[in-house]
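Chain and residue survey
Each chain is listed here by its residues.
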Amino acid sequence: WEFNGSFYQPPAFLMMGIPGLEALHHWISIPFCALYLTALLGNCMILFIIKKTQSLHEPMYYFLSMLAVTDLGLVLCTLPTTLGVFWFNMRRIGFDACLTQMYFIHILSFIESSVLLAMAFDRFIAISHPLRHPSILTKTTVIKIGLAIILRGMVSLLPIPFLLKRLTYCGKTELSHSFCFHPDIMNLACADIKVNVFYGMIILLTTVGMDFIFIVLSYILIIKTVISLATKEECLKALNTCVSHICAVLVFFIPMIGLSMIHRFGKNVPPLVNTLVAYTYLIIPPALNPIIYSIKSSHIREALLRALWRKSE
């Protein structure tokens, strides 16, 4: 785009697939389709099982339902543009459409972080104060927590699209991914982006950063409680209820932190590494979470087997 010094916004951005492997995009789309299909079917299955099984109507599984809905949202946000690039080389995305996709991707990411924190709090109460757990985390309380999580994500990220719209863009309009990401769009501007960088970092640290710190603190308290239990069997039983949640936390936070650091500080990181971390962050957790919980949660596994058994009759 030609820039003449006045305020300018491009009509569209160009999305990128996997750099250097453009000729193989049709083949690369096969594992992506498998991951998307796994995420869609797996999370829908989790929601169906929890809805139909009365014994699963408790806080732990309500929060798991929130996690499944959030993962479905993330999948549906990125699936059209990613497969559009891989299958049809549809790289163009309108400026406003890009900001809208970016807004929902970040909201859903922040919501997932908060849901994982709520799940950690649920495990802490269940292990440290088992008798008070039903009275502390009632259905009403869980609903209020869910609404607060959604409201926090929407309000904290609301200024981001407006901060991007005020910028002047020039020269390069090619994004680093097949979806829109705030640091990626911000770095295409030829104006002062200090406000965007500062606000983005503050929001990231005060939401996702604080969530991660509180999750770690929750597990420190859980471990402290577990150590005080009388027998080794009780310790292992208590910790076993947390394994699936710990896996979900690691699968989500490690690539998210990595992608944020790469976009802000990794100027010399190869584009391929940047792309792989981004796809790991947005596609792997939604696909793995249903598998993790189906394998580790005997209640979900048994409910699933009962549902399959009834269908086969």
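Thresholds applied
Residues numbered from 1 in each chain as written. Predicted model: local features only at pLDDT ≥ 70, side-chain atom pairs only at ≥ 80, totals over all residues. Heavy atoms only, no water. Phe/Tyr/Trp six-rings, centres within 6.5 Å; stacked < 30°, edge-to-face > 60°. Helix = DSSP H or I, 4+ residues; strand = E, 2+ residues; numbered from the N terminus. Buried < 20%, exposed > 50% of the residue type's maximum accessible area, 1.4 Å probe, protein only. Core = buried A, V, L, I, M, F, W, Y, C linked by side-chain atoms within 4.5 Å. Contact = heavy atoms within 4.5 Å. Disulfide = S-S within 2.5 Å. UniProt positions renumbered as here; feature names shortened; annotations may be inferred. Axes fitted to C-alpha atoms, helices over the stretch in contact; angles between N-to-C directions. Parallel < 35°, antiparallel > 145°, perpendicular 65-115°, else oblique. Nonpolar A, V, L, I, M, F, W, Y, C, P; charged D, E, K, R; others polar. Salt bridge = Lys/Arg side-chain N within 4 Å of Asp/Glu carboxyl O. Patch = residues over 30% accessible without salt bridge, like charges linked within 9 Å, V, L, I, M, F, W, Y side chains within 5 Å. Areas by Shrake-Rupley, 256 points an atom, 1.4 Å probe, with all protein chains shown as cover. 1 Å grid on protein atoms, 1.4 Å probe; cavity = no way out; pocket = protein on both sides within 12 Å on 5 of 7 lines; lining within 4 Å. Points joined across faces, edges and corners; volume = space filled by probe spheres on them.

Attention shifts here to the packing of aromatic side chains. In this structure the tally under the stated criterion is 12 aromatic pairs. Measuring from ring centre to ring centre gives 5.5 Å for Phe13 and Phe95, while their planes differ by 40 degrees; the resulting arrangement is tilted. In this pair, Phe13 sits in strand E1 (residues 12-14) while Phe95 sits in helix H3 (residues 95-128), placing the two residues 82 residues apart along the sequence. Across this residue pair, the class does not change: Phe13 and Phe95 are buried. Pairing Phe179 with Tyr279 gives two aromatic rings, centres 6.3 Å apart and planes at 70 degrees, and the pair type is edge-to-face. On the criterion of sequence distance, the pair formed by Phe179 in the loop between helix H6 (159-165) and helix H7 (182-186) and Tyr279 in helix H11 (residues 271-296) is long-range, its members being 100 residues apart. For Phe179, a relative accessible area of 1% puts it in the buried group. Using a relative accessible area of 5% as the deciding quantity, one classes Tyr279 as buried. By way of ring pairs, the aromatic residues Phe32, Phe86, Phe179 and Tyr279 are connected into one cluster.

Time to look at the nonpolar core. Counting 89 residues, the largest nonpolar core has Phe13, Leu64, Leu116, Leu164, Tyr169 and Ile185 as its most contacted members. Tallying contributions element by element places H3 first for this core, with 19 residues. If near-sequence neighbours (up to four positions away) are discounted, Leu64 is found in contact with Ile46, Ile50, Met119, Tyr293 and Ile300.

To continue, consider the state of the cysteines. Within the structure shown, the criterion is met by 1 disulfide. Between the sulfur atoms of Cys98 and its disulfide mate Cys180 the distance is 1.9 Å. Measuring handedness by torsion sign, the sulfur bridge of Cys98 and Cys180 sits at about -120 degrees and is left-handed. Of this pair, Cys98 sits in helix H3 while Cys180 is found in the loop between H6 and H7, placing the two residues 82 residues apart along the sequence. There is no split in this pair, since Cys98 and Cys180 are both buried. Cys247 takes part in no disulfide bond, and the closest cysteine sulfur to it belongs to Cys242, at a distance of 11 Å.

The next subject is the UniProt feature "transmembrane region" (unreviewed entry) in the chain. Within this structure's numbering, the places UniProt gives as "transmembrane region" (unreviewed entry) are residues 24-50, 62-88, 100-121, 142-164, 197-222, 243-264 and 276-295. Across residues 24-50, the secondary structure splits into 96% helix and 0% strand, with the terminal C-alpha atoms separated by 40 Å.

Here the focus is the packing of helix H10 (residues 243-265) against H11. Viewed as axis vectors pointing N to C, H10 and H11 meet at an angle of 175 degrees, and their least axial separation amounts to 9 Å. It follows from the interaxial angle that H10 and H11 lie roughly antiparallel. Here the residues of the contact of H10 with H11 sort into 17 nonpolar, 7 polar and 1 charged.

The full count for this structure, using the stated rule, is 4 salt bridges. The partner of Asp96 in a salt bridge is Lys165, with the nearest N and O atoms 3.0 Å apart. Taken together, the positions of Asp96 in helix H3 and Lys165 in helix H6 put the pair 69 residues apart, joining distant regions of the chain. Judged by its relative accessible area of 31%, Lys165 falls in the partly exposed class.

Quick look at a nonpolar patch on the surface now. Taken together, the side chains of Met210, Phe212, Ile213, Phe214, Val216, Leu217 and Ile220 define a hydrophobic patch exposed on the protein surface, amounting to about 570 Å² of accessible area. Relative to the helices and strands, Leu217 resides in helix H8 (residues 194-227). Take Leu217: its relative accessible area is 41%, and that puts it in the partly exposed class.

Right, let's talk about the side chain of Thr70 for a bit. When you line up the elements, Thr70 lands in helix H2 (residues 59-88). By relative accessible area, which is 4% here, Thr70 ends up buried. Those residues in contact with Thr70 that sit more than four places away from it in its chain are Leu108, Ile111 and Glu112.

Our next topic: empty space enclosed by the protein. Taken as a whole and assessed by the stated rule, the structure comprises 2 cavities of 30 Å³ or more. Put simply, the largest cavity is a space of about 160 Å³. Taken together, 14 residues make up the lining of the largest cavity; nearest its centre are His106, Phe110, His182, Leu204 and Arg264. Listed by contribution, the elements that provide at least two residues to the lining of the largest cavity are H3, H7, H8 and H10. Within the lining of the largest cavity, the residues separate by chemical class into 9 nonpolar, 4 polar and 1 charged. Roughly 50 Å³ of volume is contained in the second largest cavity. Along the walls of the second largest cavity sit Met60, Met119, Asp122, Arg123, Thr241, Ser244, His245 and Tyr293, which together make up its complete lining.

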